[in-house]
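Close look at the chain arrangement
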Amino acid sequence: MKEISVDVLIIGSGPAGYTAAIYTSRAGLETLLYKGDQPGGQLTITSDVENYPGYPSGVMGPEMMVDFEKQAGRFGSDIRSGMISSVDFSSDTLIAFSDNDEKITAKSIIISTGASAKWLNLESEQRLNGKGVSACAVCDGFFFRGQDVAVVGGGDTAAEEALYLSKLTSKVHLIIRREEMRASVIMQNRIKENNKIQIHWNSEIKEIKGDESVDGIEIINNISNESKSIKLSGVFIAIGHQPNTEIFKKYLNLDDSGYIVTKPGSTLTNIPGIFATGDAQDKIYRQAVTAAGSGCMGALDAERFISNN
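This text gives an overview of the structure that appears in the document. (Residues numbered from 1 in each chain as written. Predicted model: local features only at pLDDT ≥ 70, side-chain atom pairs only at ≥ 80, totals over all residues. Heavy atoms only, no water.)

**Points about the overall build of the chain**
The helix and strand tally for the chain stands at 7 helices and 19 strands. At 21 Å, the chain has a C-alpha radius of gyration in line with the 19 Å of a compact globule built from 309 residues. For the chain, the residues scored as buried account for 51% of the 309 residues in total. Excluding contacts between residues fewer than 6 apart, the proportion of contacts in the chain whose partners are at least 24 apart in sequence is 60%. In the structure as shown, the chain presents an accessible area of about 14,800 Å², 47% of it carried by carbon and sulfur atoms. Here the chain contributes 30 positive and 39 negative side-chain charges, whose respective centroids are spaced 3 Å apart. (Helix = DSSP H or I, 4+ residues; strand = E, 2+ residues; numbered from the N terminus. Rg over C-alpha atoms; globule rule 2.2 N^0.38 Å. Buried < 20%, exposed > 50% of the residue type's maximum accessible area, 1.4 Å probe, protein only. Contact = heavy atoms within 4.5 Å. Areas by Shrake-Rupley, 256 points an atom, 1.4 Å probe, with all protein chains shown as cover. Lys, Arg positive; Asp, Glu negative; His and termini not counted. Charge placed at Lys NZ, Arg CZ, Asp CG, Glu CD.)

**A short note on helix α1 (residues 14-26)**
Taking 1.5 Å per residue as the helical rise, α1 with its 13 residues ought to reach 18 Å, and the 18 Å between its terminal C-alpha atoms agrees with that figure. Among the 13 residues that make up α1, 11 are buried, leaving the element largely enclosed by the rest of the structure. Along α1, the positions that sit buried rather than exposed are G14, P15, A16, G17, Y18, T19, A20, A21, I22, T24 and S25. Looking at the residues trailing α1, positive phi occurs at G28, about 85°. (Expected span 1.5 Å × (residues − 1).)

**Describing the packing of helix α5 (residues 156-166) against helix α6 (residues 185-193)**
Between α5 and α6, the shortest axis-to-axis distance is 10 Å and the interhelical angle comes to 35°. Handedness of the crossing formed by α5 with α6: left-handed. Of the residues in α6, those in contact with D156, A159, E160, A162 and L163 of α5 are M187, R190 and I191. Along the lines of polarity and charge, the residues of the contact of α5 with α6 split into 5 nonpolar, no polar and 3 charged. (Axes fitted to C-alpha atoms, helices over the stretch in contact; angles between N-to-C directions. Left-handed = near helix turned anticlockwise from the far one by under 90°. Nonpolar A, V, L, I, M, F, W, Y, C, P; charged D, E, K, R; others polar.)

**Re the side chain of S266**
If you trace the backbone, S266 turns up in the loop between β18 (241-243) and β19 (274-276). Engagement of the side chain of S266 in a polar contact is seen with the backbone nitrogen of L268, the distance being 3.2 Å. (Polar contact = N/O pair within 3.5 Å; in protein donor to acceptor, adjacent residues only side chain to side chain.)

**A few points about the packing of aromatic side chains**
Note on aromatic pairs: each is described by the distance of the centres and the angle between the planes. According to the stated counting rule, one finds 7 aromatic pairs in the structure shown. Ring centres of Y52 and F68 lie 5.8 Å apart, and the angle between their planes is 70°; this geometry places the pair in the edge-to-face category. Within this pair, whereas Y52 is found in the loop between β3 (48-49) and β4 (59-60), its partner F68 is found in helix α2 (residues 61-74), the two being separated by 16 residues in sequence. Like Y52, the residue F68 is buried in the burial classification. A ring pair is formed by F275 and F305, whose centres lie 6.2 Å apart and whose planes are at 70°; its orientation type is edge-to-face. Of this pair, F275 sits in strand β19 while F305 sits in helix α7 (residues 288-307); the two residues are 30 residues apart in sequence, bridging distant segments of the chain. What makes F275 buried here is its relative accessible area of 3%. In textbook terms, an aromatic cluster arises when at least three aromatic residues are bridged by ring pairs, as seen for Y52, Y55 and F68. Here R26 stacks its cationic end above the ring of F75, 5.4 Å away from the centre of that ring. (Phe/Tyr/Trp six-rings, centres within 6.5 Å; stacked < 30°, edge-to-face > 60°. Lys NZ or Arg CZ within 6 Å of the ring centre and 35° of its normal.)

**Some details on the sheet that holds strand β14 (residues 203-209)**
The sheet built from 3 strands is open, its strands ordered β14-β15-β16 with antiparallel pairing. Edge positions in the sheet fall to β14 and β16 (227-231), since each of these pairs with one other strand and no more. The sheet shows a mean angle of 25° between the axes of neighbouring strands, taken without regard to direction. Where β14 and strand β15 (residues 216-221) come together, 6 bridges link them in antiparallel fashion. By the bridge assignment for β15, S203 is matched with N221. (Pairing = 2+ DSSP bridges.)

**Regarding the environment of E102**
Following the sequence through the fold, E102 ends up in strand β8 (residues 102-111). Judged by relative accessible area, E102 falls into the buried class, the value being 9%. Residues E102 and K2, spaced 100 residues apart in sequence, show a C-alpha to C-alpha distance of 4.8 Å. When sequence neighbours within four positions are dropped, the list of residues in contact with E102 reads M1, K2, I4, Y34, R80, A96 and F97.

**Structural notes on a positive patch on the surface**
Together, K118, R177, R178 and R182 line one region of the surface with positive charge. Structurally, R177 can be placed in the loop between β12 (171-175) and α6. (Patch = residues over 30% accessible without salt bridge, like charges linked within 9 Å, V, L, I, M, F, W, Y side chains within 5 Å. Salt bridge = Lys/Arg side-chain N within 4 Å of Asp/Glu carboxyl O.)

**A closer look at the side chain of E161**
Within the secondary structure, E161 is located in helix α5. One buried charged residue, E161, forms no salt bridge at all, with the nearest opposite charge on R286 at 6.1 Å. In this structure, E161 is in contact with A135, C136, A137, V138, V151 and A238, ignoring residues within four places of it in sequence.

As far as function goes, none of this settles anything; it's purely spatial.
Structure (structure tokens):
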């Protein structure tokens, strides 16, 4: 096993990881970044990004992540393909192991592993991802102004997405697989009072229709077993996100949903020298710009930690 020693190890890419690398490498810290199993994070499955500052004409998600990587590499970050498969935070020495059979010892570790949207696991859903299928209404709702869309889910996230989209679109079909919502009472009331939102109870999407883009869905009622087709242009999956934090649960404090708990106003975790950024610790905003901001915070926190130790 090859052994490596660095100042900063960044686990995960995406806006948080790459921004952290830009800051740490510019500060003269030897920085090693492992991209993870989805280099660039969720933006690599996002088409047009129009709400990130600095791209006045918009940018494709994958192209944006290439820009981020190039900028981090320009300042000397060692950016590698592959994953960190396990960690050992049981002592003051911070250790990580890669799937390339490497043992990395770092003075500080910045976690930027992100979170993955939960999907319906339909073939048509994956085929049309980024072509009318999305997991973020705030990111992509603008593209469906004046059109009919669907939101899948019955929790607070789905309710928030449906209410947000109702301000932009002509109609929102809310697909709920149970006979009741899991959302808070106040959110349920707002949904039921909104005449632009039609609820389909006890229903699931059987298929998302369309060749090059979404043009409708087929839903099935779980009780009557009847199916029907609905013409629309967009489908927003809002059944939750799963933070990619499994390898840290033995050592770091996680909340009930698996997000890393950080000290308010910082990226500090319960272990000195380990900092959590981006969607691995943010279950509220989950935007590229906020992830990049927290990546900056993590880098500054790591730099301060190293200089004081």
